[in-house]
Amino acid sequence: EASRTVTVKAEIAGTIAELRVNKGDRVNPGQVIARLDLADRAARLSEAQANAAAKQLDYNIAKALTDQGNQALNRLVAAQAALESANAALARIQLEIDKTEIRAPFAGVIEDRQAQMGDFINAGAAVALVVDDDRFLVVGAVSENEVAEVKLGTRATATLIDGRTVQGTVRFLATVADPQTRTYRVELSVPNTQHTIRAGMTSTMVIPVGTAIAHLVPGNALVLDDKGQVGVKSVNPQGKVEFHSAREIGRAHV
């Protein structure tokens, strides 16, 4: 799975005036994906700037007169309130203009682009789907009998379906089991700097949980006894054949 997938949405309504990306393009954090038409926002900005400048002048005059004792303090307070209101209106229109540029939230690839040139979109409308494909997550499930053996931060490996092996770190282990399978989700974070891993690929994850002394026994040496137990046969010092179950050998040497 991709580590992050975000649908970038418009924060204000407007008409798509420019699209700067296509499906499959790579983007950097803050890169402009699309731009909305300014419409009357440029005129409203000029009006707000002129109004703020006028209110600033009124405030400066009121302050000077008040300092000289030629005007009541309440006039200065009213001028200051009008100035703050004008500055707030200017800030709002500047913020609205900033939001006409729709930007990528992080580095990634454009997986889909829902908006088209000339579309009128409302606030909250989807513009593009951005996928962070570095790092990637190898996701698996751990049984309730084994979940206590897995530790966060453990270095582990995953073998992809095409035979490649990647290494990463266990970054998440669920505390709540899947109600259907009674297993716990585990996530292995792996690098994908070459962008060759893709979401949905099948893989096998191997997480080391400890070490123990063991015997390496070739498969053709394993036999079954009369009870169906798996083990090996050996010849004792008296020249007689003895059967040793795999379980007994493990208990004797761990």
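*Asks:* Pulling in residues and values, what's your account of the pairing of strand β6 (residues 108–113)?
*Replies:* With two bridges joining them, strand β3 (residues 26–27) and β6 adopt antiparallel strand pairing. Bridge pairing links Val 27 to Gly 108 in β6. Pairing of β6 with strand β8 (residues 126–143) involves four bridges; the strand directions are antiparallel. Looking at β8, one finds that Val 109 is bridged to Val 131.

*Asks:* Before we move on, can you summarise the sheet that holds strand β7 (residues 120–121) with the specific residues and values?
*Replies:* Strand order in the open sheet made by the four strands is β5-β4-β2-β7, with antiparallel pairing throughout. Since the sheet does not close on itself, it has two edges, and those belong to β5 (101–103) and β7, each with one partner.

*Asks:* With reference to specific residues and values, describe the pattern of salt bridges.
*Replies:* For the coordinates displayed, the defined rule picks out 14 salt bridges. In this structure, Lys 99 and Glu 11 form a salt bridge, with 3.6 Å as the shortest nitrogen-oxygen distance. With Lys 99 in the loop between α2 (73–98) and β5 and Glu 11 in the loop between β1 (2–9) and β2 (14–19), this pair connects stretches of sequence that are 88 residues apart. Residue class for Lys 99 comes out partly exposed when judged on its relative accessible area of 25%. Residue Glu 11 is classed as exposed on the basis of its relative accessible area of 54%.

*Asks:* Let's hear about α2: which residues, and what values?
*Replies:* In this model, α2 (26 residues) spans 38 Å end to end at C-alpha, consistent with the 38 Å of a helix rising 1.5 Å per residue. Those residues of α2 that are buried are in contact with α1 (41–67) and β5.

*Asks:* So what's going on with the packing of aromatic side chains? Residues and values would help.
*Replies:* Describing an aromatic ring pair means giving the distance of the ring centres and the angle of the ring planes. Inspection of the entire model under this criterion finds zero aromatic pairs. If you follow Arg 4 out to its NZ or CZ, it ends over the ring of Phe 106, 4.1 Å from the centre.

*Asks:* Quick one: what's the story with the packing of α1 against α2, residue by residue and with numbers?
*Replies:* Following both chains from N to C, one finds α1 and α2 inclined at 160°, their axes separated by 8 Å at the closest point. Put simply, α1 runs roughly antiparallel to α2. As α1 runs across α2, the sense of the crossing is left-handed. For the contact of α1 with α2, the residue count by class is 15 nonpolar, seven polar and seven charged.

*Asks:* An account of the pairing of strand β10 (residues 165–173) is requested, with residue identities and associated values reported.
*Replies:* The sheet contact formed by strand β9 (residues 155–160) and β10 spans five bridges and is antiparallel. Bridge pairing in β10 links Thr 157 to Gln 167. The antiparallel pairing of β9 with β10 creates a hairpin that spans four residues between the two strands, and Gly 163 there sits at a positive phi of about 95°.

*Asks:* Tell me about a nonpolar patch on the surface, residues and numbers included.
*Replies:* Together, Val 217, Leu 222, Leu 224 and Val 230 line one region of the surface with nonpolar side chains, adding up to about 330 Å² of accessible area. The topology assignment puts Leu 222 in the loop between β12 (203–206) and β13 (223–224).

*Asks:* Describe in detail the nonpolar core, supporting the description with residues and values.
*Replies:* In this structure, Val 150, Val 170, Val 186, Leu 188, Val 190, Ile 197 and Ile 207 are the most contacted members of the largest nonpolar core, which totals 22 residues. Listing elements by their share of this core, those giving two or more residues are β8, β9, β10 and β11 (183–190). Setting aside anything within four residues of it in sequence, one finds Ile 207 in contact with Val 150, Thr 154, Ala 156, Val 170 and Val 186. Within the second largest apolar cluster, 19 residues are counted, among which are Ala 10, Ile 16, Val 27 and Leu 36.

Thresholds, definitions, all that
- Residues numbered from 1 in each chain as written.
- Predicted model: local features only at pLDDT ≥ 70, side-chain atom pairs only at ≥ 80, totals over all residues.
- Heavy atoms only, no water.
- Pairing = 2+ DSSP bridges.
- Helix = DSSP H or I, 4+ residues; strand = E, 2+ residues; numbered from the N terminus.
- Salt bridge = Lys/Arg side-chain N within 4 Å of Asp/Glu carboxyl O.
- Buried < 20%, exposed > 50% of the residue type's maximum accessible area, 1.4 Å probe, protein only.
- Expected span 1.5 Å × (residues − 1).
- Contact = heavy atoms within 4.5 Å.
- Phe/Tyr/Trp six-rings, centres within 6.5 Å; stacked < 30°, edge-to-face > 60°.
- Lys NZ or Arg CZ within 6 Å of the ring centre and 35° of its normal.
- Axes fitted to C-alpha atoms, helices over the stretch in contact; angles between N-to-C directions.
- Parallel < 35°, antiparallel > 145°, perpendicular 65-115°, else oblique.
- Left-handed = near helix turned anticlockwise from the far one by under 90°.
- Nonpolar A, V, L, I, M, F, W, Y, C, P; charged D, E, K, R; others polar.
- Patch = residues over 30% accessible without salt bridge, like charges linked within 9 Å, V, L, I, M, F, W, Y side chains within 5 Å.
- Areas by Shrake-Rupley, 256 points an atom, 1.4 Å probe, with all protein chains shown as cover.
- Core = buried A, V, L, I, M, F, W, Y, C linked by side-chain atoms within 4.5 Å.

By themselves, these are just geometric observations and shouldn't be taken as functional.
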